[in-house]
Amino acid sequence: MLKTPSEIDIVRATATKINEVDFENLAFGNTFTDHMLVCDFREGQWQKPIIKPYEPFLIDPSAKVFHYGQAIFEGMKAYKDENDDVWLFRPDENLHRFNKSAKRMAMPEVPEDIFIGGLNAILDMERNWVKKGLGNTLYIRPFMIAIGSGVIAQPSTQYRFMIILSPARSYYSGEVKVIIAEHFSRAANGGIGAAKAAGNYSAQFYPQKLAQEKGFQQIIWTDDATHTKLEEAGTMNVFFRINDTLYTAPTSERILDGVTRKSLIDLAKREGIKVEVRSVLVEELVNAAKDGSLKEIFGAGTAAVVNPIVGFQYKDVYYELPKLENSFALDLKDKLTKIQYKLAEDTFGWTVKV
Ligand SMILES: *Cc1c(COP(=O)(O)O)cnc(C)c1O
């Protein structure tokens, strides 16, 4: 799958920035590696990709991305094992989802050789930026924007696909308290909630700000029609443990098909944990919290892997979760990260060497 240099243009940076980076104190998503991949789509075709020094670029002020938000992205990570080999985790899932998002946003699909081949080529050049040791990762941000000019409200005919890379350390997010959405919605049937579209994120910023002002770090989104079903936690899928069963909602037009979510389901089942993929009602959660059968709530996504939640608020009542000895969330996180760093056998065949 690795593209040969004849299929990809490469312009190397004259110097590396790596020696200026404090890898022990990285703020998430603020530092980028020396190179970026750029591939343009015009006249109905993808052009030759180029890997070149990371730098700003010019786009016309009338470009459709600025006015109509034709923009999608992915979030993935690269890991280094003890032998200095670099690994990806289920990259085919990200390619597949990227193209699903592209289709929904009337954007062209990116061919596998550009997405996966390009990713391998740039990661091969940036190997030194992937640091060894649990918790060190290189966060990968593939994205596509509409760069065609003209403010007429129709899909662009020109697009830019890019990959940028940001070294990251896993961080402790502090205690996460959530509020259950009673008015705002993240997604609706027939909408773009299942796509990783930029607008899904900006639409959350305002309700999130209101929640933060009340002392909550995250919102648990409910279905838009009735606000009775629990769907996602912020920009993560969400799991509930009631007694010793794990529950998570099925993916739908409103719920994003997370790679972490589906990997955790498979892992939990392998561990002999009972998993039920079905909608959990707000009412069930409140009752389970009251009678003590609610043990855990956690978010699942690539950035934080697993994000334990300490309590939730619903209709002005706050419910605190018990402190547990044997947390499913932490156990599953440990097992998943060990597979990603090649510290445990990957019986699922999820890891792919760069
Ligand atoms: C990206 C994302 C997730 C998590 O997906 P992963 O593939 O596990 O990173 C969950 N929900 C939403 C809304 C997302 O955008």
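It should be emphasised that the depicted structure is a prediction, and the values quoted were computed from it without experimental measurement.

Rules used in this analysis
- Residues numbered from 1 in each chain as written.
- Predicted model: local features only at pLDDT ≥ 70, side-chain atom pairs only at ≥ 80, totals over all residues.
- Heavy atoms only, no water.
- Domains from an automatic or database assignment.
- Contact = heavy atoms within 4.5 Å.
- Buried area = accessible area lost by both parts, 1.4 Å probe.
- Salt bridge = Lys/Arg side-chain N within 4 Å of Asp/Glu carboxyl O.
- Helix = DSSP H or I, 4+ residues; strand = E, 2+ residues; numbered from the N terminus.
- Near = heavy atom within 4 Å.
- Polar contact = N/O pair within 3.5 Å; in protein donor to acceptor, adjacent residues only side chain to side chain.
- Areas by Shrake-Rupley, 256 points an atom, 1.4 Å probe, with all protein chains shown as cover.
- 1 Å grid on protein atoms, 1.4 Å probe; cavity = no way out; pocket = protein on both sides within 12 Å on 5 of 7 lines; lining within 4 Å.
- Sits in = over half its atoms within 2 Å of the grid points.
- Points joined across faces, edges and corners; volume = space filled by probe spheres on them.
- Nonpolar A, V, L, I, M, F, W, Y, C, P; charged D, E, K, R; others polar.
- Phe/Tyr/Trp six-rings, centres within 6.5 Å; stacked < 30°, edge-to-face > 60°.
- Buried < 20%, exposed > 50% of the residue type's maximum accessible area, 1.4 Å probe, protein only.

Asker: Give a description of the domain arrangement of the chain that names residues and reports values.
Answerer: Partitioning the chain into structural domains gives domain 1 (9-169) and domain 2 (177-340). Of note, the centres of domain 1 and domain 2, computed from C-alpha atoms alone, are 28 Å apart. Taken together, the contacts link 20 residues of domain 1 with 20 residues of domain 2. Around 1,800 Å² of area is buried between domain 1 and domain 2 when both sides are counted, 62% of it from carbon and sulfur atoms. It is Phe73, Phe89 and Arg97 that lose the most area in domain 1 upon contact with domain 2, and together they represent 32% of the buried surface on that side. One can count one salt bridge joining domain 1 with domain 2. Across the pair Lys262 and Glu93 runs a salt bridge, and its minimum N-O distance is 2.9 Å. Going through the elements one at a time, β5 (71-73), β6 (76-80), β7 (86-89) and α2 (91-104) are the ones with two or more residues in the side of domain 1 that touches domain 2.

Asker: Outline the site of the ligand, listing residues and values.
Answerer: Taken together, 14 residues surround the ligand, and among them Lys196, Tyr201, Glu232, Thr260 and Thr302 come closest. Separating an oxygen atom of the ligand from a side-chain N or O atom of Lys196 is a distance of 2.7 Å. Thr235 has a polar backbone atom sitting 3.3 Å from a nitrogen atom of the ligand. Surface burial for the ligand is 97%, taken as the share of its 380 Å² of free accessible area covered by protein chains. When each cavity is represented as a set of grid points, the ligand is found to reside in the largest pocket.

Asker: How would you sum up the layout of surface pockets? Please name residues and give values.
Answerer: A volume near 910 Å³ is recorded for the largest pocket. If you list the elements that add at least two residues to the lining of the largest pocket, you get β5, β8 (136-146), β9 (159-169), α4 (198-213), β13 (236-242), α5 (259-270) and β17 (294-301). Its residues assigned to classes, the lining of the largest pocket comprises 20 nonpolar, 17 polar and five charged. Of the residues that make up the lining of the largest pocket, three or more belong to each of domain 1 (9-169) and domain 2 (177-340). Taken as a whole, the second largest pocket holds about 560 Å³ of empty space. Pro308, Ile309, Val310, Ser327 and Leu330 are the residues nearest the centre of the second largest pocket, which is lined by 25 residues in total. The set of elements that each furnish at least two residues to the lining of the second largest pocket consists of β17, β18 (305-314) and α7 (328-340). It is β18 that provides the largest number of residues to the lining of the second largest pocket, a total of five residues. Taken together, the residues of the lining of the second largest pocket sort by class into 14 nonpolar, five polar and six charged.

Asker: Break down the side chain of Thr222 for me, citing the residues and quoting the values.
Answerer: Looking at where Thr222 falls in the secondary structure, it is placed in strand β11 (residues 218-222). Polar contacts involving the side chain of Thr222 include one to the main-chain carbonyl oxygen of Ala181, which spans 2.9 Å.

Asker: Can you lay out the packing of aromatic side chains for me, pointing to particular residues and giving the numbers?
Answerer: Applying the stated criterion across every chain yields a total of 16 aromatic pairs. Aromatic side chains Phe98 and Phe115 sit 5.4 Å apart centroid to centroid with 50° between the ring planes, which places their arrangement in the tilted category. Of this pair, Phe98 sits in helix α2 while Phe115 sits in helix α3 (residues 112-125), placing them 17 residues apart in sequence. Pair check on accessibility: Phe98 and Phe115 agree, each one buried. Arranged with centres 5.5 Å apart and planes meeting at 65°, the rings of Phe98 and Phe161 form a pair that is edge-to-face. With Phe98 in helix α2 and Phe161 in strand β9, the pair connects residues that are 63 residues apart, well separated along the chain.

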